[in-house]
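The residues making up each chain are set out below.
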Amino acid sequence: MKLLVVEDEDHLRDLIERAMSEEGYIVEAVGDGDEAAYRLEEFDYDAIVLDWMLPGRSGFDVCKDLREREDWTPVLMLTARDAIEDRVQGLDAGADDYLVKPFSFSELSARIRALTRRGAKPRPVTLEVGTISLDPATRAVQVDGDPATLTPKEFALLEYLMRHPDEVLSRTTLLEHVWDFAYDGASNVVDVYIGYLRKKLDDEGARIESVRGAGYRLKA
């Protein structure tokens, strides 16, 4: 299997390249984001080990660009940043996993094996259903190319519907996933928020369809 390692620290890059080669991978190693971006446009890899902080283009930008052109090669992000918001940002950029420095090479190898077992399945950064697009990272929603302003609960409801297009979702399912199991508010809260969403999506049932006695379905 072919692996791209992107790490600007020479000694660490050499160690990763040697360790992964000993595991049987064909390894290409580069030290900056611009070179990584070029190689990812020109060549195919089975997995990518990508440092966050790089000369030139950052690992965050390299990963985001990769996903925006619908390349789903598994990405393991390396970072010296252990703050939760930094890890969240990397995952929202499209990374499949992250590893905080310093790390053991046995763990690095195990994580790469786990990623390559999954394969390059589509994991789009932005959700798109019909003419609706939703970016979970920036919490931006567009309908027919125009921005829509949603409350946090409306956003959560739309995101769940968009992750299950053309599926009939019961009110109970929506309540459990968008609110929670312990919700004890009004029993018609799902219907109320579906109504709010339809108004903001300029939708009279054309997009979010009511399925009598069953629930709701976002039509793709």
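Within any chain, residue numbers begin from 1 and follow the written order of that chain's sequence. Owing to the predicted nature of the model, reporting of local features is limited to residues with pLDDT of at least 70; listing and counting of side-chain atom pairs is limited to 80 or more, with chain, interface and lining totals taken over all residues. Just so you know, side-chain values use all the structure's heavy atoms and leave hydrogens and water out.

Caption draft 1: Structural view of the environment of Ala95. Strands here are runs of E lasting at least two residues and helices are runs of H or I lasting at least four, both read from the DSSP assignment and numbered beginning at the N terminus. Of note, Ala95 is situated in the loop between helix 4 (84-92) and strand 5 (97-100). Categorising residues by exposure relies on relative accessible area from a 1.4 Å probe, with only protein chains included: less than 20% of the type maximum marks a residue as buried, more than 50% marks it as exposed, and the intermediate range marks it as partly exposed. The exposure class of Ala95 is buried, given its relative accessible area of 9%. The spacing of Ala95 and Cys63 is 32 residues in sequence and 6.6 Å in space, taken between C-alpha atoms.

Caption draft 2: Quick peek at unusual backbone geometry. For the bond running from Lys101 to Pro102, omega is -10°, close enough to zero to count as cis. For Pro102, the position within the fold is in the loop between strand 5 and helix 5 (105-118). The backbone of Glu70 shows a phi angle near 60°, a positive value even though the residue is not glycine. Tracing the backbone shows Glu70 in the loop between helix 3 (59-68) and strand 4 (75-79). When its relative accessible area of 61% is taken as the criterion, Glu70 is described as exposed. At Asp144, a position not held by glycine, the phi torsion is positive, near 55°. With respect to the helices and strands, Asp144 occurs in the loop between strand 8 (140-143) and strand 9 (146-148).

Caption draft 3: Spatial organisation of helix 2 (residues 33-42). Among all positions in helix 2, only Gly33, Ala36, Ala37 and Leu40 are buried. With its buried residues spanning 100° around the axis, helix 2 presents them on a single face. In this analysis, two residues are considered to be in contact whenever any of their non-hydrogen atoms come within 4.5 Å of each other. On its buried face, helix 2 is in contact with strand 1 (2-6), strand 2 (26-30), strand 3 (47-51) and helix 3. Comment: arc refers to directions from the helix axis out to C-beta atoms.

Caption draft 4: The arrangement of the nonpolar core in detail. Grouping buried Ala, Val, Leu, Ile, Met, Phe, Trp, Tyr and Cys residues that are joined through side-chain atoms within 4.5 Å yields what is termed a nonpolar core. Of all hydrophobic cores here, the largest spans 26 residues; its most connected members are Val141, Leu158, Leu161, Met162, Leu174 and Ile208. Of all the elements in the fold, those that place two or more residues in this core are strand 6 (127-129), strand 7 (132-135), strand 8, helix 6 (152-162), helix 7 (171-178), helix 8 (189-200) and strand 11 (215-218). Beyond its immediate sequence surroundings of up to four residues, Val141 is in contact with Ile132, Ser133, Leu134, Asp146, Pro147, Ala148, Leu150, Phe155 and Leu158. Listed in part, the 18 residues of the second largest apolar core include Leu4, Val30, Ala36 and Ala95.

Caption draft 5: Expanded view of the pattern of salt bridges. Counted as salt bridges are all cases of a side-chain nitrogen of Lys or Arg within 4 Å of a carboxyl oxygen of Asp or Glu. The final tally for this structure, using the stated rule, is 17 salt bridges. Salt-bridge contacts for Glu28 lead to Arg39; the nearest nitrogen and oxygen are separated by 3.0 Å. Of the two residues, Glu28 sits in strand 2 while Arg39 sits in helix 2, which places them eleven residues apart along the sequence. Relative accessible area serves as the criterion here: at 22%, Arg39 is assigned to the partly exposed category. The shortest N-O distance in the salt bridge between Lys64 and Glu68 comes to 2.8 Å. Linking Lys64 with Glu68, this pair stays in helix 3, spanning four residues, or about one helical turn. Take Lys64: its relative accessible area is 25%, and that puts it in the partly exposed class. Residues joined in a network through salt bridges with shared partners are Lys2, Glu28, Glu35 and Arg39.

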